[in-house]
Every structure is written in C-alpha cells, then in structure tokens.
There are 2 protein chains.
Amino acid sequence: MKNIKLTIEYEGTNYSGWQIQENAISIQEVLEKALKELLKEKVTLIGSGRTDAGVHALGQVANFRTNGSIPGEKYKYALKLLLPGDITVVDSREVDLKFHSRFDATGKVYKYIVYNGELPRAIYRNFSYHVPYNIDIDSMVKGSKYFIGTYDFAAFMAAKSEVSSTIRTIKQISIEKKGDLIEFYIEGNSFLRNMVRIIVGTLLYIGYGKIKPNAIPNIIASKKREKAGPTAPPQGLFLKEVFYP
Amino acid sequence: MKNIKLTIEYEGTNYSGWQIQENAISIQEVLEKALKELLKEKVTLIGSGRTDAGVHALGQVANFRTNGSIPGEKYKYALKLLLPGDITVVDSREVDLKFHSRFDATGKVYKYIVYNGELPRAIYRNFSYHVPYNIDIDSMVKGSKYFIGTYDFAAFMAAKSEVSSTIRTIKQISIEKKGDLIEFYIEGNSFLRNMVRIIVGTLLYIGYGKIKPNAIPNIIASKKREKAGPTAPPQGLFLKEVFYP
C-alpha cells in the first residue's frame, strides 16, 4: 500500500468546485476518473479542502492510497495524458501512510486578484474580479491589520454553514498593486466557507470608503454575517499553497 | 457620417480568428453583430490585420463608418452589454473620416509567451506555449539581433500565402525571462502571415541549441520557408498594440 500526495493546479471556470456532487462535474471527480483509468482501481482522493465553483488553485493538495506499483514521482507524468488541460498535476510523491491532506494541513495561502480598470478585459475575465471604482489601497492595508490574530470569524462565514467551531487564525494579509491589478494574499491556519472572499469583499468596502478600517474589530465581534461586506466573486480566487509540518 | 475607431482586447481561444469566414465564428463577426444590434444598421469593420484561430489581442484596432449618432467615446460602454466576455472594447473614439485601420497602421507590436516549466500548467494553457526543454536565453537574444532591419522575409511566411511583397522591417525584438515565463516582444512595420510565430519558432531552435544565432542571415537569404524553424502555436501570441501616425 502506498500513499500518494498530489499538488494540483486547476482553472475552476468550468467546474462545480473541488468536491464531488451529483449532476455537476467536479475537479475531484475528473481526477478520480483519471486515477481509475491509470490504476484500474477505484481510489478516493482526500483534498486539503473544498474550493467553490469558479475558484482556481495553483497548489491544491490531495492524497490517495493505492495498491498500484507506480512510483510516486511518476504520477505527474502519467496523469498529464489522462487529464483535461484545465487540471494539471504539478507535483506528485509518495508520502508516509499516515499523511492526510486535510487533517495534517497547518496553513493555507489564498491569492485574490481584483482588476481595477474602468472597462472589463477579455484576458482577465475568468481570473479576476472587475471593480471599476476608485480603491484606496492604504485604507485597505490599514483595515487588513485588524484581521491578524485568532478570532471567532463567524461574521466571515457563508450563511448556513455548519461547522463545530468558527474560531480561526489569520497569520498575514498583504495587498499589492501591480498596474491595474490588486493582488491580495491571505494566510491562515484554516478557513471557513467563503471566508477569504468575504474578507476581500469587506476590505474592498474599506477601499471604496463605505466603511472605515477600524470598523473591522466591531464586525468581527458582532459574529453576524450581515455586518461584513459582500462575498467577492469566485473567479478572482486562487488557492495558492497548502502548508504541512 | 462618422468614422469610429475601436481598440479591442480578445481571447482568441474559442474563435476561428479575426476575419469573417463561413462555418466558423470569428471575432469580426461577433463585433459586427453587436454593432448591428446597437445601430440597427449593418456596418463593416476594418481590422488592422487578421489574427489566426487561438491568437489573442490586447490592442487590436478596427474602424467602421456609420450614420449613427452615438458619440465615439460611448461605444465602449454600449458594446460592453452586447459582447461576450472574451471580446472587450477597451477604447472607442471618433476619428477623421479618412482613417483606415489597416492602411494607416505604421507598426505593430506582438507579444509571445513561452511557459518554460517541466509540466503543463492549467492556468497558462490558453495563454502560452509550453516548452519543457532547456532554453538558452542569451543565444536567443544574440539571434534576435539578426532580424532587425529591412529584409525579404519570405522564409518567415506561411507556405502558400499570396502577397505582393515579402519585404518587411523588424524594428525591435526583446526577450525577457520572468520566472518560468519567457516573453518575446516583436515590433515591425507590418508582418507576413505567421511571421511572428515562425520567428519565435526559429528563436526557440536557437534556444534549444539546434541552430546557431548567426544562422539567421542565411535563413533570411534563402527565402525558403523550410530553412526556418517551426511555427510556434497560436495560443502564446498576443497582438499587443497597433501604431498610427
């Protein structure tokens, strides 16, 4: 028995998200089918976490156990021939049998891209959120500092999510302007459903001047979803990296 | 009568190219249909030149004459609602009635992106040419110098093209490495069919060590297509800008 860890890049545009569901094509399903074709054996992929429809990944991590004899580092070459162009395995290796992509993850970094030009741009459309308004970066940077730390982030979770605890730790947020693009990098130990997109939506509200940077502590303390900003759309979001000990 | 100049960005992935043709959807056709819907009048778009299937544009230029009363600068807003997301008008303005996008163009810059990592990448797949081999950038830069000037570029034209003259002027070629990406910028007065892609294909042959940088003058002098390198694939190519006096 081997335990294989895959690092996966995908464009989420044409998928219902990471996780298998009925009546829609998920990234997990496409990967499991390719693995079945390769191994002649049904395997179950354990992802580090879900990504929603339209969300991309540069470094999603997933593992599976197999009786197959293929060396771990060969999967990335073999799967290249069995996967569509919008799902690519950028690394593969054999890991300890106990390794679990979700339980063992100690942190994640997400990237969010805002395209801040006046008119929509064809090339960016599936990889950014188009915001044609003036955005005050300095205010957003000030606001971002209030998120750093361990808090109950219930106000930054999709309504109706079920989860045992809404306490999470945000380690770092950086915001960089590159021409017409604004890139957000958000690192935390783990994230609630839609948490990154709601944080970005709230930071953008600060950027527009709708709320003040120092409003963040009160929004967190309220634990009420409706106090935070809107959920930024999925196409700007990239799961950049998952950390393990 | 007004003459309107549009600057257009598009992702060419899902189109047969710029120019209208039977049994395939072109970018020109989609734009003309949107203009007809807007103006209730059939107009003919004159593009600065064709782009092939799969080739993108950041700044394609096209003009059309109309009896419509819409101010030139309003088209970019009005067309936003009538075009699919992969074709966007980034600028529009009224120009002199004599302006002609093709005849008046004095130069063009193309960008070509090579992704030079070992494994294919989902996010780049429609916007770059994946080359997994070692590429010697310095040799390519040396080779690129031999293209600068006015020459008969018949060796760098798609076979069977019909054109009155194959003499063209290349003004500048720059090659930049940005992480795993190699960006080529090629500026000239005008270009033969597939000329940029054959130049890139030939520069890559230099980069692989298949031919020497100083082989270029002989390839140009041969005027034979088969002496040059292969035509690099369309998805790495972007028409970046068209120049006018």
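Within any chain, residue numbers begin from 1 and follow the written order of that chain's sequence. Each chain is given a letter, starting from A, and each ligand a number, starting from 1, according to the order in which they appear as written. In keeping with the predicted nature of the model, local features appear solely for residues at pLDDT of at least 70, side-chain atom pairs appear and are counted solely at 80 or more, and the whole-chain, interface and lining totals rest on all residues. Heavy atoms throughout the structure, all of them, feed into the side-chain values; hydrogens and water do not.

Colleague: Residue-level account of the nonpolar core, with values.
Modeller: One finds F147, F156 and F184 of chain B to be the most contacted residues of the largest nonpolar core, which totals 65 residues. Considering each element in turn, this core owes the most residues, 8 residues, to helix α4 (residues 195–208) of chain B. A domain split of this core shows at least three residues from each of domain 1 (2–95) and domain 2 (107–243) of chain B. In what follows, residue pairs with any heavy atoms lying within 4.5 Å of each other are defined as contacts. If we skip the residues at most four places from it in the chain, F156 of chain B touches F147, L192, R193, N194, M195, I198, I199, T202, I219, I220 and A228 of chain B. For our purposes a nonpolar core is just a set of buried Ala, Val, Leu, Ile, Met, Phe, Trp, Tyr and Cys residues, chained together by side-chain atoms within 4.5 Å. For every residue, the accessible area (1.4 Å probe, protein chains only) is compared with the maximum for its type, and the residue is labelled buried under 20%, exposed over 50%, or partly exposed between those bounds. With 63 residues, the next largest nonpolar core counts A57, V95, I135 and V196 of chain A among its residues. Every helix listed is a DSSP run of H or I at least four residues long, and every strand listed is a run of E at least two residues long, numbered separately from the N terminus. Those domain boundaries reflect an automatic or database domain assignment.

Colleague: Quick one: what's the story with the relation of the copies chain B and chain A, residue by residue and with numbers?
Modeller: To superpose the copies, least squares is applied to the C-alpha atoms of every residue with a pLDDT of at least 70 in both. Least-squares fitting of chain B to chain A yields an RMSD of 0.0 Å, with the superposition described by an axial translation of 0.0 Å and a rotation of 180°. The symmetry that links the two subunits is that of a two-fold axis. Both copies contact each other with a shared surface, as 100% of the interface residues of chain B are interface residues in chain A too.

Colleague: Go over the pattern of salt bridges, please, and point to the residues and values.
Modeller: Between Lys or Arg on one side and Asp or Glu on the other, a salt bridge is scored when a side-chain nitrogen of the former is within 4 Å of a carboxyl oxygen of the latter. One pass over the full model with this rule turns up 20 salt bridges over all chains. Two residues, R125 of chain B and E11 of chain A, come together in a salt bridge whose shortest N-O distance is 2.7 Å. On the criterion of chain membership, the pair formed by R125 of chain B in the loop between β5 (107–115) and β6 (129–130) and E11 of chain A in the loop between β1 (2–10) and α1 (27–39) is interchain, its members lying in two chains. Take R125 of chain B: its relative accessible area is 24%, and that puts it in the partly exposed class. On the basis of relative accessible area, E11 of chain A is assigned to the buried category, the value being 6%. Connected through shared salt-bridge partners, D52, R193 and R197 of chain A make up one network.

Colleague: How would you explain the packing of aromatic side chains if you had to name every residue and give the values?
Modeller: Two measures describe an aromatic ring pair: the distance that separates the ring centres and the angle between the ring planes. Aromatic rings from Phe, Tyr and Trp, with only the six-membered ring used for Trp, were paired whenever their centres fell within 6.5 Å, and each pair was classed as stacked if the ring planes differed by under 30 degrees, edge-to-face if by over 60, and tilted otherwise. Within the structure shown, the criterion is met by 25 aromatic pairs over all chains. An angle of 25° between the planes, with centres 6.1 Å apart, marks the rings of Y10 of chain B and W18 of chain B as stacked. Summarising the burial analysis for this pair, Y10 of chain B and W18 of chain B share the class buried. Aromatic side chains F64 of chain B and Y75 of chain B sit 5.4 Å apart centroid to centroid with 80° between the ring planes, which places their arrangement in the edge-to-face category. Taken together, the residues F64 of chain B in strand β3 (residues 56–66) and Y75 of chain B in helix α2 (residues 75–80) connect sequence positions 11 residues apart. A relative accessible area of 0% means that Y75 of chain B is categorised as buried. Taken together, F127 and F238 of chain A together with F127 and F238 of chain B form an aromatic cluster joined through their ring pairs.

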